[in-house]
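Here's the letter readout for the chains.
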Amino acid sequence: MGFERVASVAELPDGGRLSIEVDETPALLIRLGEFFYAIEDLCTHDGQPLTDGPLVGQEIKCPRHGARFDLATGKAMCMPATRGVRTFAVEIRHDEIFVSDEPATAPAKATVTEPVTSERLAPVAASEETAAQTAMAEAAAQDEYLTALREVIDPELMVNIVDLGLIYGVTALDGGQVEVEMTLTSPACPAGPQIVHQARMALERLESVETATIKLTMSPPWTPDRMTDEARDHLGIF
Ligand code: FES
C-alpha cells in the first residue's frame, strides 16, 4: 500500500496516541512534540498489545513484562523482548497525517499550532508528567534488576540467564519485594536449582531489594529464538 491518511495533526495532541491499522497490521500512531511515529502494536515477547504502554522518553514500555521499544527504530531496548517491532513511515502533508507500510527511516515532523483534543483519542492524564517520571523510575529499576541477573551464568551454556532469554519478567512489589518469572532451557535442566538460587541471591544483593521470589514456569517453553544476538554469537548460532 502507499501512504494513506489516518488523521489530522490537530487530532493528535502532544503525548497522544491513536490505534490504527497499517495493511491489516494493528499499529500505534504516537506524537511526541513535533514528531510523529508509527509502530506495530504487538510486543514481540509474548504478543501483548502495546496500546496502553507508558511512554519513557522516546520508548514505549510493554504493560505486561516491561520490554521497551524505541519509537523511531522499533528496536527492543531491554529484556524480555529480543526482537524489535515493525515501524511504519509517517508523512505530514498539509496538516494531515499519512502512514505507509514501508519501514520508517525518520519520524515525521510537523509545525504544530494549537492541539485539539478528539473523542477518538485516549485521554491525556493531567498527571502525565508524574506518570512519565514514574515510568522512568520503573525503567531504571528494571535495568538494575536485569544487570544483577546478568551475573548469573548458565553453567552448561556459559551464557548469562538474561541473554539466554530465561527471564520472562521482573515485578517490583511493595516493601522491597521483587518477583521474577523465569524459565529454564528444559524442565529437566540439572543446573535449575543452582540457577534459581543464584538469581535470588543476585537480586537480594541489591540495596533496593529486600526479598526476591523466583517463580519458575515452563509456559511458554524456552526456545533458542529467545536469546539475544550476543548469546547467539557466543554459542555460534546464526
Ligand atoms: S509480552 Fe511484552 S514484555 Fe512480555
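An unreviewed UniProt entry annotates the chain as Rieske domain-containing protein originating from Planctopirus limnophila.

Caption draft 1: Broad picture of the sheet that holds strand S1 (residues 4-8). With antiparallel pairing, the three strands of this open sheet are ordered in space as S1-S10-S9. With partners counted over all chains shown, the strands left at the sheet margins are S1 and strand S9 (90-93), one partner each. Looking at each pair of strands side by side, their axes are set apart by 35 degrees on average, direction ignored. As paired elements, S9 and strand S10 (residues 96-99) share four bridges and run antiparallel to each other. Opposite Glu-91, over in S10, you have Phe-98 as the bridge partner.

Caption draft 2: Spotlight on empty space enclosed by the protein. In this structure the tally under the stated criterion is two cavities of 30 Å³ or more. As a volume, the largest cavity reaches approximately 50 Å³. Phe-36, Tyr-37, Ala-38, Leu-71, Ala-72, Thr-87, Phe-88, Val-90, Ala-104, Ala-106, Pro-107 and Ala-108 are the residues that line the largest cavity. Those elements giving two or more residues to the lining of the largest cavity turn out to be strand S4 (35-40) and strand S8 (87-88). The leading source of residues in the lining of the largest cavity is S4, at three residues. Among the residues forming the lining of the largest cavity, the class breakdown is eleven nonpolar, one polar and no charged. One number sums up the size of the second largest cavity: a volume of about 30 Å³. For the lining of the second largest cavity, the elements supplying multiple residues, two or more each, are helix H1 (128-149) and strand S14 (167-172). Element by element, the count of residues in the lining of the second largest cavity is highest for S14, at four residues.

Rules used in this analysis
Residues numbered from 1 in each chain as written. Predicted model: local features only at pLDDT ≥ 70, side-chain atom pairs only at ≥ 80, totals over all residues. Heavy atoms only, no water. Pairing = 2+ DSSP bridges. Helix = DSSP H or I, 4+ residues; strand = E, 2+ residues; numbered from the N terminus. Axes fitted to C-alpha atoms, helices over the stretch in contact; angles between N-to-C directions. 1 Å grid on protein atoms, 1.4 Å probe; cavity = no way out; pocket = protein on both sides within 12 Å on 5 of 7 lines; lining within 4 Å. Points joined across faces, edges and corners; volume = space filled by probe spheres on them. Nonpolar A, V, L, I, M, F, W, Y, C, P; charged D, E, K, R; others polar.

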